[in-house]
Every structure is written in structure tokens, then in C-alpha cells.
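Listed below are the residues making up each chain.
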Amino acid sequence: MTGMVKPALVHAIMKEYALPVLGRHGLGHWARVLENGLRLAEATGANRQVVALFGVFHDSRRENDGTDPGHGARGGELASRLRDAHLDLSDHDFDLLVYACAHHTDGTVDGDITVQTCWDADRLDLWRVPVTPQNAFLCTSAARDRAIQEWSRERSVADYTPDYVREDWLRGLVDRQGGIA
Ligand SMILES: [Fe+2]
Ligand SMILES: [Fe+2]
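Please read all numbers here as calculations on a predicted model, not as lab measurements. (Residues numbered from 1 in each chain as written. Chains lettered and ligands numbered in written order. Predicted model: local features only at pLDDT ≥ 70, side-chain atom pairs only at ≥ 80, totals over all residues. Heavy atoms only, no water.)

Time to look at the environment of Asn64. Here Asn64 lies in the loop between helix 3 (48-57) and helix 4 (71-86). You can call Asn64 partly exposed: its relative accessible area is 34%. Sequence spacing of Asn64 and Ala43 is 21 residues, and the spatial spacing of their C-alpha atoms is 33 Å. Within the local environment of Asn64, its side chain forms a polar contact with the backbone nitrogen of Gly66, the two atoms lying 2.7 Å apart. (Helix = DSSP H or I, 4+ residues; strand = E, 2+ residues; numbered from the N terminus. Buried < 20%, exposed > 50% of the residue type's maximum accessible area, 1.4 Å probe, protein only. Polar contact = N/O pair within 3.5 Å; in protein donor to acceptor, adjacent residues only side chain to side chain.)

Right, here's the structure in full:
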């Protein structure tokens, strides 16, 4: 699961992350969005690499945990800056990643299936806020599936954070920031 996002990439992203690393839009959320996306991709056929990368970029340039206009576009810009050193995507797939990041808060439901899968992966982690994702604002039938919704809801409300977040993504970060929360 984690092989799709290398720790070195997460560490590069984290150098510029402004908020608590395990906060509302922090690494637990990134990992759940990543895993929601991969589960949805089994049904939608979305590009798994793009979906996984969306998880770690889409909220990476937030400046606050509120509405924060423009944070998606800034996440896409960060992906552009890190592309040469860390990403191995075709131009087509890279453009999908940047578009998905830039427009993930627009409330749009139409688009490429990989982009739609990214957006639904994020929306299926809304329960933690707490907001129930509305079917009208979900892009794919996969995200409206009752079993997938229940799976993602339980993880969202429990703030489920996979072990690799602390063991790999946050390794070495605790000392630099003097605490990970
Ligand atoms: Fe966001
Ligand atoms: Fe998000």
C-alpha cells in the first residue's frame, strides 16, 4: 500500500507543511484519502498512482484548517516543484494529479474518472468533521456503495491512522518539530 508513495516524497512535502502533522487535515487524513482512493479504484479503474499521490498532495499546502481558498492549487504547484525529484508520471497523468488537487474543493462532480475517484476519496473522509457525504456531491457509483461508505465512515470517525504514517512518513520528523501533534 505504501510503496506507491515513498517516504522521501512525504518528507519533502512535510518540509513545507504548515499545520499540525496529525491534525484535521494532516497525515492521517492523507492516508485515509489515499486508501479510500485505492479502494474506489478497484471499481472505477482509476489510475492508482495518481489517486495515491492525490492523497498526499491535495491538502499539503493548507495554511489553516478552515476553508482556505486556493490550497488545492497550491498543492498542485508543490507537486510541480517536486515532480523531477520524486514523481514518475507521464505528462497526462501528472496533469490529472494537478487538476484533481486544484479543483478538489469546487464541488464539481464531472470529469475524468481518475479525477472523480480522487475527489470521492477525499469526500469519503468527511465524516470526521462531522459531515455526511451527500450522494449528489459524490462523483462515482463506487463511492455511493453502502459497504464502501460504511468502511470509510468507521475509519474517518475513529481518525484511523495506518502504522506506516508513524513508522515511515513521520520518521525523523518528531525531533525536528519537537512533537508530532
Ligand atoms: Fe482540501
Ligand atoms: Fe482533504
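This next bit is on the coordination of the iron ion (ligand 1). Around a metal, the perfect tetrahedron of four donors has angles of 109.5 degrees, and the perfect octahedron of six donors has angles of 90 or 180 degrees. Taken together, Asp59 (OD), His71 (NE2) and His104 (NE2) make up the full set of protein donors to the iron ion (ligand 1), lying 2.0 to 2.2 Å away. Between the iron ion (ligand 1) and the iron ion (ligand 2), the interatomic distance is 3.8 Å, and Asp59 donates to each metal, bridging them. With a gap of 12 residues between them, Asp59 in the loop between helix 3 and helix 4 and His71 in helix 4 connect regions that are remote in the sequence. Side by side, Asp59 and His71 carry an identical accessibility label, which is buried. (Donors = N, O, S within 2.8 Å, 3.2 Å for Na, K, Ca; no water.)

On to the nonpolar core, then. Core analysis: the largest hydrophobic core is formed by 52 residues, its most contacted members being Val5, Leu9, Leu27, Val56, Phe57, Leu97 and Trp169. Counting residues per element, the ones that place at least two in this core are helix 1 (7-14), helix 2 (27-44), helix 3, helix 4, helix 5 (91-102), helix 6 (113-123) and helix 8 (163-169). Of all the elements, helix 2 adds the most residues to this core, at eight residues. In this view, Leu9 contacts Leu53, Val56, Phe57, Leu82, His86 and Leu87; residues no more than four positions away in its chain are not counted. (Core = buried A, V, L, I, M, F, W, Y, C linked by side-chain atoms within 4.5 Å. Contact = heavy atoms within 4.5 Å.)

Following the criterion strictly, the structure yields three aromatic pairs and no others. Between Tyr17 and Trp30, the aromatic rings sit 5.2 Å apart at their centres with planes inclined by 80°, giving edge-to-face as the arrangement. A residue pair is termed long-range when its members are at least 10 positions apart, and Tyr17 in the loop between helix 1 and helix 2 and Trp30 in helix 2 qualify at 13 residues. Accessibility expressed as a relative area gives 7% for Tyr17, which makes it buried. The exposure class of Trp30 is buried, given its relative accessible area of 0%. Look at Tyr99 and Trp119: their rings are 6.3 Å apart centre to centre, the planes differ by 35°, and that puts the pair in the tilted class. Taken together, the residues Tyr99 in helix 5 and Trp119 in helix 6 connect sequence positions 20 residues apart. What makes Trp119 buried here is its relative accessible area of 1%. Its end group placed over the ring of Phe94, Arg83 keeps NZ or CZ at 4.4 Å from the ring centre. (Phe/Tyr/Trp six-rings, centres within 6.5 Å; stacked < 30°, edge-to-face > 60°. Lys NZ or Arg CZ within 6 Å of the ring centre and 35° of its normal.)

Here we take up the pattern of salt bridges. The full count for this structure, using the stated rule, is 11 salt bridges. Residue Arg74 is joined to Asp68 by a salt bridge in which the shortest nitrogen-to-oxygen separation is 2.8 Å. The buried category is assigned to Asp68, whose relative accessible area is 6%. Through salt bridges with shared partners, a single ionic network connects Arg32, Asp125, Arg128 and Asp159. (Salt bridge = Lys/Arg side-chain N within 4 Å of Asp/Glu carboxyl O.)

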